[in-house]
Amino acid sequence: MPNRIQLDEVDRTLVAELQRDAAQSYAALGRAVGLSAGAVHERVRKLRERGVIRATTVEVDPVALDRPVLAYVMVGADAWMGESGGAFAGISEIMEAHVIAGEASVLVKVRTATTEQLQDVLRRIYGIQGVTSTQAIVVLETFFERPVRP
């Protein structure tokens, strides 16, 4: 288990502000926490170095990118799948992959344009060494998604 990174209130507020709007200036962030733009820049740099901030991205509507089908797939295996991350990462429609406890060994989040494409992804998952089964759960509607808050 990785060491837990300690954040003070200023760091927590900076992370929350960046999650709300990652494009805001260091000056605007400074106003939110009562620091200069330079001091905020240094804190954000340190948050990146420590791995608290892993990336700065934009949130895009998957439907706008023609990926309306969302499914979670539980993958069964006949062996430990902890070394198979690269094989799952090689399937571009898989957005996330997690080794899990329980009857299934891996849980993946898949986005595709059609259910036919989802079926093709399932075929490719079966091509990964050790995979013995899949159980797909297709999402009909998403109430909400939220990032981890500091």
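The structure displayed is predicted, hence computed values, not measured ones.

Reading the values: rules and limits
- Residues numbered from 1 in each chain as written.
- Predicted model: local features only at pLDDT ≥ 70, side-chain atom pairs only at ≥ 80, totals over all residues.
- Heavy atoms only, no water.
- Helix = DSSP H or I, 4+ residues; strand = E, 2+ residues; numbered from the N terminus.
- Rg over C-alpha atoms; globule rule 2.2 N^0.38 Å.
- Buried < 20%, exposed > 50% of the residue type's maximum accessible area, 1.4 Å probe, protein only.
- Contact = heavy atoms within 4.5 Å.
- Lys, Arg positive; Asp, Glu negative; His and termini not counted.
- Charge placed at Lys NZ, Arg CZ, Asp CG, Glu CD.
- 1 Å grid on protein atoms, 1.4 Å probe; cavity = no way out; pocket = protein on both sides within 12 Å on 5 of 7 lines; lining within 4 Å.
- Points joined across faces, edges and corners; volume = space filled by probe spheres on them.
- Nonpolar A, V, L, I, M, F, W, Y, C, P; charged D, E, K, R; others polar.
- Pairing = 2+ DSSP bridges.
- Axes fitted to C-alpha atoms, helices over the stretch in contact; angles between N-to-C directions.
- UniProt positions renumbered as here; feature names shortened; annotations may be inferred.
- Core = buried A, V, L, I, M, F, W, Y, C linked by side-chain atoms within 4.5 Å.

S.K.: Quick rundown of the overall build of the protein? Include the residues and the values.
M.R.: When helices and strands are tallied, the protein shows five helices and four strands. Along the chain direction, N to C, the helices and strands of the protein fall in the order α-α-α-β-α-β-β-α-β. Taking 2.2 N^0.38 as the reference for a compact globule, 150 residues should give roughly 15 Å; the C-alpha atoms of the protein span a radius of gyration of 20 Å, well beyond that estimate. The proportion of buried residues among the 150 residues of the protein is 29%. Looking at the protein alone, contacts between residues at least 24 apart form 64% of all its contacts between residues at least 6 apart. Measuring between centres, the 17 positive side-chain charges of the protein sit 7 Å from its 19 negative side-chain charges.

S.K.: Give a description of the environment of Pro 68 that names residues and reports values.
M.R.: Looking at the secondary structure, you find Pro 68 in the loop between helix H3 (37-49) and strand S1 (69-77). A sequence separation of 22 residues divides Pro 68 from Lys 46, and the C-alpha atoms of the two residues are 37 Å apart. Residue contacts for Pro 68: discarding those within four places in its chain leaves Pro 62, Val 63, Arg 111, Thr 112 and Ala 113.

S.K.: Which residues make up the layout of surface pockets, and what values go with them?
M.R.: Here the largest pocket defines a volume of roughly 1,800 Å³. For the largest pocket, the lining is made up of 40 residues, of which Gln 19, Ala 55, Thr 57, Pro 147 and Val 148 are closest to its centre. Listed by contribution, the elements that provide at least two residues to the lining of the largest pocket are helix H1 (9-20), helix H2 (26-33), H3 and strand S3 (106-112). Tallying contributions element by element places H1 first for the lining of the largest pocket, with five residues. For the lining of the largest pocket, the residue count by class is 20 nonpolar, six polar and 14 charged. There is about 170 Å³ of room inside the second largest pocket. Lining the second largest pocket are 13 residues, with Val 63, Pro 68, Leu 70, Arg 111 and Thr 142 sitting closest to its centre. Considering only residue class, the lining of the second largest pocket consists of eight nonpolar, one polar and four charged.

S.K.: Help me get a handle on the sheet that holds strand S2 (residues 94-99), residues and values and all.
M.R.: Spatially, the four strands line up as an open sheet ordered S2-S3-S1-S4, and their pairing is antiparallel. Strand pairing shows two members of the sheet lacking a second neighbour, S2 and strand S4 (131-138), which therefore form its edges. Between one strand axis and the next, the sheet turns through 20 degrees on average, direction left out of account. Where S1 and S4 come together, seven bridges link them in antiparallel fashion. Looking at the pairing, Gly 76 lines up with Ser 133 of S4. Here helix H5 (residues 115-126) sits on the sheet in contact with S1, S2, S3 and S4, set at roughly 155 degrees to S4.

S.K.: I'd like a description of the UniProt feature "domain: HTH asnC-type" (unreviewed entry) in the protein, backed by residues and values.
M.R.: UniProt's entry tags residues 7-68 with the feature "domain: HTH asnC-type" (unreviewed entry), counted in the numbering of this structure. Annotated as 53% helix and 0% strand, the span residues 7-68 places its first and last C-alpha atoms 37 Å apart.

S.K.: Please give an account of the nonpolar core that cites residues and values.
M.R.: Counting 17 residues, the largest nonpolar core has Phe 88, Ile 94, Val 108 and Ile 125 as the members making the most contacts within it. At the level of secondary structure, the elements contributing two or more residues to this core comprise S1, S3 and H5. Not counting residues within four places of it along the chain, the set of residues in contact with Val 108 comprises Ala 71, Tyr 72, Val 73, Phe 88, Ile 94, Glu 96, Ala 97 and Ile 125. With ten residues, the next largest nonpolar core counts Leu 7, Val 33, Leu 47 and Ile 53 among its residues.

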